[in-house]
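Report on the structure
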Amino acid sequence: QVQLVESGGGLVQPGGSLKLSCAASGSIFSINVMGWYRQAPGKQRELVATLTSGIIKNYADSVKGRFTISRDNAKNTVYLQMDSLKPEDTAVYYCNAQVKLYSYSKASAYWGQGTQVTVSS
């Protein structure tokens, strides 16, 4: 019913930049919250950034001042601009969206397939 397709991952040197994109498609009434999470090898998945109602931004302390989340509402697409990347940012990054399929339904969480970000010299 709902698909989240991520793109933009890759290999980058420390101090470099990458921009991730995540497009939601399918039978969507509305999306109130979109965000990014990441999971490094041997670690639990953690929140990176969320954007609520297209206005309220929330960032993990570890990425504040370096990462910027934004959204194109018309395209149901969320972006994550990652600057000043560090080796510890290496992880699989997952897109998340809280989607309402109908006006009367509760929001359900959907996940993308993940995109690898590797920061290494």
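This text goes with the structure placed above it.
These remarks concern the structure in this document. For clarity, every value in this text was computed on a predicted model and none was experimentally measured.

The next point concerns the pairing of strand β1 (residues 2-7). Side chains of β1 alternate between two faces, with V2, L4 and E6 buried and Q3, V5 and S7 left unburied. Bridging between β1 and strand β3 (residues 18-26) involves six bridges; their strand directions are antiparallel. By the bridge assignment, E6 is partnered in β3 with C22.

With that settled, the discussion passes to the sheet that holds β1. Taken in spatial order, the four strands line up as β1-β3-β8-β7 in an open sheet, and their pairing is antiparallel. Across the chains shown, the open sheet's two edge strands, defined by having one partner strand only, are β1 and β7 (67-72). The sheet shows a mean angle of 15° between the axes of neighbouring strands, taken without regard to direction.

So, about the pattern of salt bridges. Pairing between side chains of opposite charge can happen when the charged atoms of each approach one another. Scanning all chains against the criterion turns up four salt bridges. Here K64 ties to D61 by a salt bridge, and the two come within 3.1 Å at their closest N and O atoms. Under the relative-accessibility criterion, D61 is labelled exposed at 66%. With a shortest N-O distance of 2.8 Å, R66 and D89 are connected by a salt bridge. Note that R66 is positioned in the loop between β6 (56-59) and β7 and D89 in the loop between β8 (77-82) and β9 (91-100), a separation of 23 residues in sequence. Given a relative accessible area of 10%, R66 falls into the buried group.

Calculation criteria
- Residues numbered from 1 in each chain as written.
- Predicted model: local features only at pLDDT ≥ 70, side-chain atom pairs only at ≥ 80, totals over all residues.
- Heavy atoms only, no water.
- Buried < 20%, exposed > 50% of the residue type's maximum accessible area, 1.4 Å probe, protein only.
- Helix = DSSP H or I, 4+ residues; strand = E, 2+ residues; numbered from the N terminus.
- Pairing = 2+ DSSP bridges.
- Axes fitted to C-alpha atoms, helices over the stretch in contact; angles between N-to-C directions.
- Salt bridge = Lys/Arg side-chain N within 4 Å of Asp/Glu carboxyl O.

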